[in-house]
Amino acid sequence: MSKERATIGTDGLALPILPPERDARVWARLVRVMFYLPGFMALLLIKAGEPVSFGITVELLMLSSAAAIVGGLYIGSESSGAGADSSSKVGTWSGSLVLELLAVVPFLCAVPTLFHELAHSRLLHDLVPGAVDIPLGASALLPMVAILPFVLYQLAGFGTVSFIVPKPLNWIINTGTLCLITSSYIANRLGKYEWERRSAGLLVVAMVIIVFYGVLKLKRMQAIYDAHYPPKPAK
């Protein structure tokens, strides 16, 4: 049974609504996955793909892998014991925000292009004598379907972003994320690599700004919560 948090502070005002307590061990496992998987896929693309049409895919995969390490640093700083302050108490939440926006989002942006490159790799096709290219058609868009559950994850209140911004702004952020990922993929398919870089670059810059704002907002909310948290009743 979950414990109820106090909602009214000692000053009679509403306390900030913080994210629920999360299991840092689960997020630590995700750090390992997000460190190895994008890096492996980037090496696979470099080995089997065509450099001309890489676009910004390799950079996005490397960003995803590197951001996982940074997210792990935040998660590792989590502490609620003696000497814990407002920064250490939001370590897991801050780490989850970094993973969600700077590891998962770039990964989802890179996967559709990565799939297309591997599906049309001359090197992989040459391994099988007489191999014939089969048009993928609409099935080439299947990797993009993974973006929809992620958007639902954010809009349904599972994500950390929903606790740091109002609901209308959360919808704007996720709609913009979906549009930028789609435009980046379309630009890559059309060979407009400069537009692909602009779309992906704008996406990454937006995610970085939200992460900076979110980490500082979580710390400020925790400080307010601690300062106005009602004392526990004497036993």
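Now for a quick tour of the structure. (Residues numbered from 1 in each chain as written. Predicted model: local features only at pLDDT ≥ 70, side-chain atom pairs only at ≥ 80, totals over all residues. Heavy atoms only, no water.)

1. Looking at the pattern of salt bridges
Counting across every chain of the model gives three salt bridges. When the shortest N-O distance is used, the salt bridge between Arg25 and Asp23 registers 3.1 Å. Salt-bridge contacts for Arg197 lead to Glu59; the nearest nitrogen and oxygen are separated by 3.3 Å. With a gap of 138 residues between them, Arg197 in helix H7 (residues 193–228) and Glu59 in helix H2 (residues 57–76) connect regions that are remote in the sequence. (Salt bridge = Lys/Arg side-chain N within 4 Å of Asp/Glu carboxyl O. Helix = DSSP H or I, 4+ residues; strand = E, 2+ residues; numbered from the N terminus.)

2. Some remarks on the packing of H2 against H7
It is the contact of H2 with H7, at a shortest axis distance of 12 Å, that shows an interaxial angle of 10°. Taken together, the axes of H2 and H7 are roughly parallel relative to one another. In this structure, H2 uses Thr57, Glu59, Leu60, Leu63 and Tyr74 to contact H7, whose residues at the interface are Glu196, Arg197, Ala200, Val204 and Val215. A breakdown of the residues in the contact of H2 with H7 according to their chemical character gives six nonpolar, one polar and three charged. (Axes fitted to C-alpha atoms, helices over the stretch in contact; angles between N-to-C directions. Parallel < 35°, antiparallel > 145°, perpendicular 65-115°, else oblique. Contact = heavy atoms within 4.5 Å. Nonpolar A, V, L, I, M, F, W, Y, C, P; charged D, E, K, R; others polar.)

3. Details of empty space enclosed by the protein
Within the structure shown, the criterion is met by one cavity of 30 Å³ or more. Considering only enclosed or pocket space, the largest cavity measures out at about 50 Å³ in volume. As for the largest cavity, its lining consists of Leu101, Val105, Phe150, Gln154, Val161, Asn170, Ile173, Asn174, Thr177 and Met207. Counting residues per element, the ones that place at least two in the lining of the largest cavity are helix H3 (91–119), helix H5 (147–155) and helix H6 (167–189). The biggest single contributor to the lining of the largest cavity is H6, with four residues. Taken together, the residues of the lining of the largest cavity sort by class into six nonpolar, four polar and no charged. (1 Å grid on protein atoms, 1.4 Å probe; cavity = no way out; pocket = protein on both sides within 12 Å on 5 of 7 lines; lining within 4 Å. Points joined across faces, edges and corners; volume = space filled by probe spheres on them.)

4. As for a nonpolar patch on the surface
A cluster of nonpolar side chains, namely Val33, Leu37, Phe40 and Leu44, defines an oily patch on the protein surface of about 330 Å² accessible area. Structurally, the position occupied by Val33 is in helix H1 (residues 24–48). (Patch = residues over 30% accessible without salt bridge, like charges linked within 9 Å, V, L, I, M, F, W, Y side chains within 5 Å. Areas by Shrake-Rupley, 256 points an atom, 1.4 Å probe, with all protein chains shown as cover.)

5. Thoughts on the side chain of Ser86
Tracing the chain through its elements places Ser86 in the loop between H2 and H3. Among all residues touching Ser86, those that are not within four sequence positions of it are Lys219, Gln222 and Ala223.

6. Some thoughts on the packing of aromatic side chains
Applying the stated rule across the entire model yields three aromatic pairs. Each ring, one from Phe35 and one from Tyr36, has its centre 4.9 Å from the other, and the planes form 70°; the classification is edge-to-face. Classification of Phe35 by relative accessible area gives partly exposed; the value is 32%. Look at Tyr36 and you get exposed, because its relative accessible area is 56%. Considering the side-chain rings of Tyr153 and Phe158, the 6.2 Å spacing of their centres and the 10° angle between planes classify their relative orientation as stacked. Residue classification places Tyr153 among the partly exposed residues on the basis of a relative accessible area of 25%. (Phe/Tyr/Trp six-rings, centres within 6.5 Å; stacked < 30°, edge-to-face > 60°. Buried < 20%, exposed > 50% of the residue type's maximum accessible area, 1.4 Å probe, protein only.)

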